[in-house]
Amino acid sequence: MASEETSKVEAVAPSLECVTPGGDTSSNPIKDEGGSLAIVVLGASGDLAKKKTFPALFALFKQNYIPSESTKLFGYARSKLTDEDLQDRLRGYLTGGKTDEKTDPAQLANDFVKLITYTSGGYDEDAGFQKLDKLVEDWEKQTAHEGPHRRLFYMALPPSVYPLVAKMVRKHCMAKEGWTRVVIEKPFGKDLESAEKLSGELGELFTEDQLYRIDHYLGKEIVQNLLVMRFANRFLVPLWNAEHISNVQIVFKEPFGTEGRGGYFDEFGIIRDIIQNHLMQVLCLVAMEKPVSLDPEDVRDEKVKVLKSIGVPTLADCVLGQYEGYTDDDTVPDDSHTPTFATIVLRINNERWDGVPFILRAGKCLDQRKAEVRIQFKDTPGDIFKCKKQGRNELVLRLQPAEAIYLKMTVKQPGLEMQASQSELDLSYRDRYAEINIPEAYERLLLDVIRGDQQHFLRRDELKRAWEIFTPILHKIDEEKKKPTLYKQGGRGPPESDELIGAYGFQRTSGYVWVPPQLQKK
Ligand SMILES: NC(=O)C1=CN([C@@H]2O[C@H](COP(=O)(O)OP(=O)(O)OC[C@H]3O[C@@H](n4cnc5c(N)ncnc54)[C@H](OP(=O)(O)O)[C@@H]3O)[C@@H](O)[C@H]2O)C=CC1
Ligand SMILES: O=C1O[C@H](COP(=O)(O)O)[C@@H](O)[C@H](O)[C@H]1O
């Protein structure tokens, strides 16, 4: 049964306006739909809710994107909590973002938590969801605003209960006059079959335009910049292909381990946790063709197209690692073979990328926190300066920490001698945009949900294709109980990874060390 309810409110076409340096950036407001907005956080007692969901809503509240006159936040979970219990639990996490000097941040946090009300109930319990619906409806009736009563449900819950909760929302809590949107968190399944099963179950209850599958990497500033950078700069156009690019690396590193999430992590491993979703989304934006427009369907059509061109990797294209001490976690079995590190090389079989390896690398408990895209160009032909020794051009997009885009290039070493050396053109956001508050990923994505803009959310076919690429290798790893190489905590991961990357053409620049000013230890 497909829902008869579809959004009565037109999605706001994503606008992209050119902003001159120091210019006004506030030209993309929420289309004023009037009426009321109820945001229901299901699993409000949990970790994600307190660390990400409510803080993101707080940031939007601070910027008046969710005005207190017309917005109410409802928490729902099984834990027996009062409104005050939940409010107190959240207060300590409501710290991020900038406020003007006149505003007291603690007062703002107090004003925000007053918008939250909590109700407890089971996830399969009709009575609980009927009570929730009544609470929302009573509040909607009280809000004097003309217009639709909009309802946003955010599932900050373990995926095992998504279908159950979705059924309850569909049965009892749909908006009576206005839109209903449902946000779900990854993991969207464990492989192709389970993902399709989940998609089928949700598809019975909600239309695709009501479902927002969140991948928070799509909300990161540099990831969002990829479309603009790639398609608004003429000089990049002729270079962005196999003729000039040798290899592309997309890297995620974390300096800590599973930190209390060992039970979850051990079931999924690093490929499902990071590579199949976050890194693949970034890959799509690096590799896809120019969309016809910024309409969400046009952008997602291009992502699906590039995903369909990617060949299925084999174990030979892959290095797996596990950090020493991983199994000391009580929630992880002693004989666990779950990889906490993986390097996987993908090939895109199309005209633009034929022959260019896309190297995806992710690991926990490594030497640093870093996520970046590193595009390495081929050697310059006819090298009269012996530049090869100095290193290749690389365009690096650093997602975190300290967002930056920099281009490693060879220049004359200043001085009397004619000597070439490696330097960089550096766009470090903290220097260039010091006055601008860079929003958190969840903040931006929640705003997109309120706006009805699905560009930065996964469509069902996109998800399916990403699972088609990774399921064969994941099944093989599981079936063969493939043992990952143990690696030291705080290092670069298994040395085999660097060997594989080297074999696929990546050339490390010897002697080049550049620590951008924002990352230098003072
Ligand atoms: N935490 C994080 O940093 C991230 C989480 N996610 C995803 O977000 C979702 C929520 O994550 P997180 O908040 O960490 O999860 P939690 O384990 O904290 O669970 C959230 C809430 O769900 C309820 N719950 C827990 N286990 C069960 C269960 N077995 N059956 C029914 N209800 C249960 C609990 O509420 P109560 O008992 O009160 O009902 C809990 O407070 C997950 O899908 C996760 O993969 C994604 C990215 C990062
Ligand atoms: O989705 C997840 O992401 C986090 C890393 O997110 P980041 O925004 O801090 O880069 C990771 O720690 C976690 O394992 C994974 O589930």
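Notes on the structure follow. (Residues numbered from 1 in each chain as written. Chains lettered and ligands numbered in written order. Predicted model: local features only at pLDDT ≥ 70, side-chain atom pairs only at ≥ 80, totals over all residues. Heavy atoms only, no water.)

1. As for a negative patch on the surface
Thought 1: On the surface, Asp328, Asp330, Asp334 and Asp335 cluster together into a patch of negative charge.
Thought 2: One can find Asp330 in the loop between strand E8 (318-323) and strand E9 (341-347).
Thought 3: Residue Asp330 is classed as exposed on the basis of its relative accessible area, which comes to 78%. (Patch = residues over 30% accessible without salt bridge, like charges linked within 9 Å, V, L, I, M, F, W, Y side chains within 5 Å. Areas by Shrake-Rupley, 256 points an atom, 1.4 Å probe, with all protein chains shown as cover. Salt bridge = Lys/Arg side-chain N within 4 Å of Asp/Glu carboxyl O. Lys, Arg positive; Asp, Glu negative; His and termini not counted. Charge placed at Lys NZ, Arg CZ, Asp CG, Glu CD. Helix = DSSP H or I, 4+ residues; strand = E, 2+ residues; numbered from the N terminus. Buried < 20%, exposed > 50% of the residue type's maximum accessible area, 1.4 Å probe, protein only.)

2. Comments concerning the site of ligand 2
Thought 1: Close to ligand 2 lie 13 residues, the nearest being Lys186, Tyr217, Lys220, Glu254 and Asp273.
Thought 2: A distance of 2.6 Å separates an oxygen atom of ligand 2 from a polar atom in the side chain of Lys186.
Thought 3: Within the side chain of Gln400, a nitrogen or oxygen atom sits 2.7 Å from an oxygen atom of ligand 2.
Thought 4: Protein burial of ligand 2: of its 400 Å² of free accessible surface, 83% is covered by the chains. (Near = heavy atom within 4 Å. Polar contact = N/O pair within 3.5 Å; in protein donor to acceptor, adjacent residues only side chain to side chain.)

3. Some details on the packing of aromatic side chains
Working definition: an aromatic ring pair is given by the centre-to-centre distance plus the angle between the planes.
Thought 1: Tallied over the entire structure, the rule returns 14 aromatic pairs.
Thought 2: Between the aromatic rings of Tyr212 and Phe457, the centroid separation amounts to 5.0 Å while the plane-to-plane angle is 80°, which identifies the pairing as edge-to-face. Placement of Tyr212 in strand E6 (residues 211-214) and of Phe457 in strand E15 (residues 457-458) is noted, with a sequence separation of 245 residues between them. This pair shows no difference in class: Tyr212 is buried, exactly as Phe457 is.
Thought 3: Among the aromatic residues, ring-to-ring pairing joins Phe265, Tyr323, Tyr326, Phe341 and Tyr487 into one connected group. (Phe/Tyr/Trp six-rings, centres within 6.5 Å; stacked < 30°, edge-to-face > 60°.)

4. Here's the deal with the nonpolar core
Thought 1: If you look at the biggest cluster of nonpolar residues, it comprises 137 residues, and the most contacted ones within it are Leu42, Phe54 and Phe470.
Thought 2: In terms of residue count, the dominant contributor to this core is helix H8 (residues 262-287) (13 residues).
Thought 3: Two domains each donate at least three residues to this core, and these are domain 1 (3-185) and domain 2 (218-378 + 458-520).
Thought 4: What Leu42 contacts, discounting residues up to four positions off in sequence, is Tyr76, Phe129, Leu132, Phe153, Tyr154, Met155, Ala156, Leu157, Val165 and Val169.
Thought 5: Counting residues in hydrophobic clusters, the runner-up holds six residues, among them Val319, Ile359, Ile501 and Phe506. (Core = buried A, V, L, I, M, F, W, Y, C linked by side-chain atoms within 4.5 Å. Domains from an automatic or database assignment. Contact = heavy atoms within 4.5 Å.)

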